[in-house]
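Residue-level structure breakdown
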Amino acid sequence: MKSEEFPFFTLFLFFTPHSSFFTFNENFFPIFAYNNVNMSHRIGGNCMKIKYLIYSLIALFLVCLPMQQEAFGRPKPKSKNSCTISRSKFTQSDLIEYRYGLKIGENIATIKSQKGASQDVLTGLTGGAVLQIVWPKGFAIQPEMLYSRKGCIFSGSGVRYDIDYLEVPVGFMYRLHFAEVKPFAFVAPYGAYAFRFVENGDNVADDTYSSQIGKWDYGIGAGAGFDVWKIQLSFKYSWGFAKVIEEDFVVRNKVFTVAAAFLF
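These remarks concern the structure in this document. (Residues numbered from 1 in each chain as written. Predicted model: local features only at pLDDT ≥ 70, side-chain atom pairs only at ≥ 80, totals over all residues. Heavy atoms only, no water.)

**Examining the environment of Arg149**
The criterion, for reference: Numbering of helices and strands starts at the N terminus; helices are DSSP runs of H or I of at least 4 residues and strands are runs of E of at least 2.
With respect to the helices and strands, Arg149 occurs in strand β4 (residues 139-154). A sequence separation of 106 residues divides Arg149 from Val255, and the C-alpha atoms of the two residues are 9.8 Å apart.

Next up, the structure:
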């Protein structure tokens, strides 16, 4: 199969009804519903499916990679009327593509605890500005500046923590080029600053807030997605490395994010 003939619908095989493994409930992506505690309980059963969804997208990317490499190595046919232009007239900067835009999405967040406390996930809004720098042969860097809400709900006590971050992830991407769609996989280290802490719906004062949680978070995310026209859809799972809440045990952010961006 030629890479130019790669069927667009292949990317959506994992979402079709016949695949019960990836059948999510109707409230799987409740955009902007991060204040709904009951919604968080309904999402909790899909956490394992989320991870397998990302693994499947990355596996699909790896299957398509040999076709992409073949396409780059295949010489393009020359037209009889075409003229040969010396490569020396082009610089590397002429081949670099810059795109910028806006991103909005939803976090499905929880906190990893070594104490073994039972936790439920909560949903939170994320969004901000995106810059994408694309080099030849599919390599790209995508820095972003985002507002991101994370946190968790402790099942036993019912305590809910909502933490608002200013987050700066930098994605290192490799994209495949097909006729209609450009799938990609990426890793994205990030740094974040917590500027607001909410406990059970009440804002926590700055002095208490400073003593309860670490204001800085950092970690790494990995995921996959695809570009279609000026639309980018991505799925990412992030692991935090910093201690989030000042407790005797280690607590770190874990977040799955689904997001869409419009790039100019």
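Structure's up, so let's keep going.
**What to know about the packing of aromatic side chains**
Selection criterion: Put simply, two rings from Phe, Tyr or Trp (the six-membered ring, in Trp's case) pair if the centres are within 6.5 Å, and we call them stacked under 30 degrees between planes, edge-to-face over 60, tilted for the rest. Only protein chains enter the accessibility calculation, which uses a 1.4 Å probe; a residue is then buried when its area is under 20% of its type maximum, exposed when over 50%, and partly exposed in between. In this scheme, the term charge over a ring applies when either NZ of a lysine or CZ of an arginine sits within 6 Å of the ring centre and within 35 degrees of the ring normal.
Evaluation of the coordinates by the stated rule reveals ten aromatic pairs. Both rings, one in Phe262 and one in Phe264, keep their centres 5.1 Å apart while their planes meet at 75°; by these two values the pair is edge-to-face. Given the relative accessible area of 29%, Phe262 is considered partly exposed. Of the residues examined, Phe264 reaches a relative accessible area of 49% and is grouped as partly exposed. Here the aromatic residues Tyr100, Trp229, Phe262 and Phe264 are joined through ring pairs into a cluster of three or more. The residue whose ring lies beneath Lys150 is Tyr165, and the NZ or CZ to ring-centre distance is 5.2 Å.

**Some remarks on the pairing of strand β9 (residues 231-240)**
Here is the rule we go by: Here a strand pair is declared whenever DSSP counts at least two bridges between the two strands.
In terms of residue burial, β9 counts as a mostly covered element, since seven of its ten residues are buried. As defined by bridge partners, strand β8 (residues 216-228) adjoins β9 across ten bridges and the pair is classed as antiparallel. Counted as the bridge partner of Gly221 is Ser238 from β9. Remark: two residues form the turn of the hairpin made by β8 and β9, two consecutive strands paired antiparallel; Trp229 in that turn has positive phi of roughly 60°.

**Details of unusual backbone geometry**
A positive phi is found at Lys137, a non-glycine position, where the angle reads about 65°. Looking at the secondary structure, you find Lys137 in the loop between β3 (122-134) and β4. Residue classification places Lys137 among the exposed residues on the basis of a relative accessible area of 54%. With a phi angle near 60°, Trp229 is a residue other than glycine that sits in the positive phi range. Tracing the backbone through its elements, the reader meets Trp229 in the loop between β8 and β9. Accessibility expressed as a relative area gives 65% for Trp229, which makes it exposed.

**Observations concerning a nonpolar patch on the surface**
The following threshold applies: Any residue with relative accessible area above 30% and no salt bridge may belong to a patch, with like charges joined within 9 Å and the nonpolar Val, Leu, Ile, Met, Phe, Trp and Tyr side chains within 5 Å. All accessibility values rest on the Shrake-Rupley procedure with a 1.4 Å probe; residue burial counts only the protein chains present in the view. Each reported salt bridge corresponds to a side-chain nitrogen of Lys or Arg within 4 Å of a carboxyl oxygen of Asp or Glu.
A grouping of Met145, Leu166, Val168, Tyr193, Phe195 and Trp216 is seen on the molecular surface, where their side chains present a nonpolar patch of about 610 Å² in accessible area. Elements that contribute at least two residues to the nonpolar patch include exactly β5 (160-175) and β6 (182-199). Structurally, Leu166 can be placed in strand β5. On the basis of relative accessible area, Leu166 is assigned to the partly exposed category, the value being 41%.

**Regarding the pattern of salt bridges**
Evaluated as defined, the whole model comprises nine salt bridges. Here Arg149 and Asp162 are joined by a salt bridge, their closest N and O atoms 3.9 Å apart. Here Arg149 is found in strand β4, whereas its partner Asp162 is found in strand β5, with 13 residues between them in sequence. According to the relative accessible area criterion, Asp162 is buried, its value standing at 3%. The salt bridge involving Glu167 is made with Lys150; its shortest N-O contact spans 2.9 Å. On the criterion of sequence distance, the pair formed by Glu167 in strand β5 and Lys150 in strand β4 is long-range, its members being 17 residues apart. Assessed through its relative accessible area of 5%, Glu167 is described here as buried.

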